[in-house]
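The lines below spell out each chain.
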Amino acid sequence: MDKAIGSRIHIIMKNDKEIVGTLLGFDDFVNMVLEDVTEFESTPEGRRVTKLDQILLNGNNITMVSDCVKLKLLFPRKSFNILFFAVGSRR
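Here goes a summary of the coordinates provided. Small disclaimer: the values here were computed from a predicted structure and weren't measured.

What counts, and where the lines are drawn
- Residues numbered from 1 in each chain as written.
- Predicted model: local features only at pLDDT ≥ 70, side-chain atom pairs only at ≥ 80, totals over all residues.
- Heavy atoms only, no water.
- Salt bridge = Lys/Arg side-chain N within 4 Å of Asp/Glu carboxyl O.
- Helix = DSSP H or I, 4+ residues; strand = E, 2+ residues; numbered from the N terminus.
- Buried < 20%, exposed > 50% of the residue type's maximum accessible area, 1.4 Å probe, protein only.
- Pairing = 2+ DSSP bridges.
- Axes fitted to C-alpha atoms, helices over the stretch in contact; angles between N-to-C directions.

Observations concerning the pattern of salt bridges
Part 1: By the definition in use, this model includes three salt bridges.
Part 2: The residue D36 makes a salt bridge to R8 at a minimum N-O spacing of 3.4 Å. Of this pair, D36 sits in strand β3 (residues 32-43) while R8 is found in strand β1 (residues 8-13), placing the two residues 28 residues apart along the sequence.
Part 3: Given the relative accessible area of 28%, R8 is considered partly exposed.

Describing the sheet that holds strand β2 (residues 17-26)
Part 1: One open sheet holds the five strands; their spatial order is β4-β3-β2-β1-β5, and the pairing between them is antiparallel. Edge positions in the sheet fall to β4 (46-57) and β5 (62-67), since each has one partner strand and no second. The sheet shows a mean angle of 25° between the axes of neighbouring strands, taken without regard to direction.
Part 2: Strand direction decides the pairing type here: β1 and β5, joined by five bridges, are antiparallel. Its bridge partner lying in β5, M13 is registered against I62.

In structure tokens form, the structure reads like this:
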């Protein structure tokens, strides 16, 4: 995680929100401070997008964290800024 400071990251939260922002810092509990944040939330009316200057995320509510730069390297032919994942348990 230390190497991701200053990078754009994509976070999936337990409440089905997805957040993309620049990682400013984190602690031992994976609480994170992000700036230049875009929050995506699925609602019955559709997807709601909220722009925020800076947020503090509670690490207990984080399901997954991805580095946006590495995702672009894995999928170079895609012309996207954000990649969404379907997260679920497999049995």
